[in-house]
Amino acid sequence: MHFSTFSLLSLLTSTGLAFNCTREAFNDILPSNASVSFTRSIPVNGNSTFVVPAGDIAYPTSPTGLQPLCAVQINVSSSDCSAYSFGLFLPDEWNERFLAVGNGGFAGGINWLDMGAGVGYGFAVMSTDTGHNSTPTDIEWALNSPQKKIDWGYRAMHGSVELSKHIVESYYNQAPKYNYYSGCSTGGRQGIRDIQLYPDDFDGVLAGAPAWWTSHLQTWTVKIGLYNSPNASASHISPSLFGVVGAEILKQCDPQDGLVDNIISDPEGCNVNLEAMLCGPNVTNQTTAACLTAEQIGTLYNIYNDYVDVNQTFVFPHLELGSEAQWPVLLGLGEPAPLGTEFVRYFLLNDPSWNYTEFSYQTVELADQLDPGNATADDFDLSPFYHHGGKLLHYHGYADALIATGSSIYFYNQVLKTLKPKGIDLDSWYRFFLIPGMQHCTGTPANMDAPWYIAGANQAGTLNTSVHSVPGFCDAKHDALLALMAWVEKDEAPESLVATKFVNETRPEEVQRQRPLCPYPQQAKFVGEGDPDEARNWKCEGLYSMQAQYS
């Protein structure tokens, strides 16, 4: 069965609650190292907005359109010098399931907005602040604070999950029937790292664009920033030219995937000619001429090729053709992005004076050796999660410029290489979907208009503050979280997912395009007849062009 709007609502039950939504009642069921920060009731026919506390600087947007619920925030001491908090939404009409949602970057804050999307399904929903308070790119909190790094790396998530389940069981007089997770970026890493360390925490994990390879991702962020350093004036590509590059890449690669539709569906299959962007003689204004110098073409070669260092050691994959619209966040800052430099200064070296010009492969080696916070999710033996009966649904956008898409392909192939020799086939419990044209976790470049919305982590809040699921398509065919539930609870594996692009994404009503997403290594192909903007005119077939890469 698919979870239709009707069947989704039928999961909700009005449960007799064990106690009222008060600080005193929750304090009575907590362990000695935990306490209640606050409780709030969202009443029937009352104010359906949860106003985010002013101190939550990472996730300040308040969820609206909520059903009646109890909101509670819990603080937990994790060591003599560290603590973390988590929030819980406990709906009056509960679907008897628990959902944890993830964070982004190095942010410290409770993700109330994603919790609001989760409670729309009827979940009891939790988010942790990971043990500190900061924006995603501010990592100064980690300086000489190993216990806080551990909280961020894995401890705050697992501890919050364990205590949340206890609270849920106490509040509703029954334990959750199923436990789920949804997160993207750092959130994707959190979910995967948790099931590596604690394989019984979740029955199903929805992991988007996971920042799983912490030691290599953050150091690659420094390296790729150095490729386009303004200090190398001849080879530096001004952000004003990123659009020129993106337009030429789209012009060359769009037709090569078999359909001219302003979407690069197979960037790895594109035979690109970067020299087509070379300036001719006597060009005085590159932006007006829409061209690049030979030295700048060399920078593009670095960006579009894997980071390989000493002794031909593979460090991290390249950015994909079609990711250019997001380059300003990574390559247009005048120096490497803070997610790289601040990681080295405050997380790795504990040295605020470190200068990115000192970067070398030894920095990568040190990050591998120390792995601060035990954060890197590189234990590819997921057999304990498999034996638990868990299901992993993993996705990544092809136009992502913050976390190279190939890192997810590499992860999938490493799990495959680890488990297939043990007789564990991935297809029955782990499926991976690439989303052509989707940027980092959400959205699509303005010149692509690619279908990207699958109700993944962070996506509902990108539309507006009251959305959950896929408006107009609340079923397991279009909604990745419902697909995960159908897989876990009904053993109905997702043979494809339909991604949606709305005409007006702040008022998601009219559909502009829908396309199927296929389990890797398959690829969606247009059947050649009918409207290409309708998913029914596509089919999954063949081996993906990247099957053998990053293995």
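Cut-offs used in this document
Residues numbered from 1 in each chain as written. Predicted model: local features only at pLDDT ≥ 70, side-chain atom pairs only at ≥ 80, totals over all residues. Heavy atoms only, no water. Salt bridge = Lys/Arg side-chain N within 4 Å of Asp/Glu carboxyl O. Buried < 20%, exposed > 50% of the residue type's maximum accessible area, 1.4 Å probe, protein only. Disulfide = S-S within 2.5 Å. Helix = DSSP H or I, 4+ residues; strand = E, 2+ residues; numbered from the N terminus. 1 Å grid on protein atoms, 1.4 Å probe; cavity = no way out; pocket = protein on both sides within 12 Å on 5 of 7 lines; lining within 4 Å. Points joined across faces, edges and corners; volume = space filled by probe spheres on them. Axes fitted to C-alpha atoms, helices over the stretch in contact; angles between N-to-C directions. Parallel < 35°, antiparallel > 145°, perpendicular 65-115°, else oblique. Left-handed = near helix turned anticlockwise from the far one by under 90°. Contact = heavy atoms within 4.5 Å.

How should I be thinking about the pattern of salt bridges in this particular structure?
Should their charged atoms come close, side chains of opposite charge can pair. Going through the model one piece at a time under the given rule, you end up with 14 salt bridges. With its nearest N and O atoms 2.9 Å apart, the salt bridge here joins Asp427 to Arg431. Taking the relative accessible area as the measure of exposure, Asp427 reaches 46% and is therefore partly exposed. Through salt bridges with shared partners, a single ionic network connects Asp261, Arg513, Arg515 and Asp533.

What is the right way to read the state of the cysteines from this model?
A covalent bond between the sulfur atoms of two cysteines is referred to as a disulfide. Under the definition given, this model contains five disulfides. Residue Cys184 pairs covalently with Cys441 via a disulfide, S to S 2.1 Å. A torsion of -100° about the S-S bond marks the disulfide between Cys184 and Cys441 as left-handed. You can see Cys184 sitting in strand β8 (residues 178–184) and its partner Cys441 sitting in the loop between β13 (430–435) and α15 (459–463), a full 257 residues away along the chain. Of the two residues, Cys184 and Cys441, neither departs from the other in class, the shared state being buried. There is a disulfide in this structure between Cys279 and Cys291, and the S-S distance comes to 2.0 Å. Classification of the bridge connecting Cys279 and Cys291 rests on its S-S torsion, roughly 90°, and on that basis the disulfide is right-handed. With a gap of twelve residues between them, Cys279 in the loop between α7 (242–256) and α8 (286–289) and Cys291 in the loop between α8 and α9 (294–303) connect regions that are remote in the sequence.

How should I be thinking about empty space enclosed by the protein in this particular structure?
Regions of empty space are outlined by a rolling probe, equal in size to a water molecule, passed over the atoms. Tallied over the full model, the rule gives four cavities of 30 Å³ or more. There is about 210 Å³ of room inside the largest cavity. What lines the largest cavity is a set of 15 residues, among which Leu434, Pro436, Pro516, Leu517 and Ala524 lie closest to the centre. Going through the elements one at a time, β15 (511–517) and β16 (523–526) are the ones with two or more residues in the lining of the largest cavity.

What am I meant to see in the packing of helix α11 (residues 338–348) against helix α12 (residues 361–370) here?
Axis angle and axis distance: for two packed helices, these are the angle between their axes and the distance between the axes, and together they describe the pair. Contact pair α11 / α12: the axes reach a minimum separation of 12 Å and the direction vectors enclose 45°. Our classification of the angle between α11 and α12 gives oblique. When you trace α11 past α12, the crossing you get is left-handed. Along the contact surface, α11 presents Phe343, Val344 and Leu348, while α12 presents Thr363, Leu366, Ala367 and Leu370.

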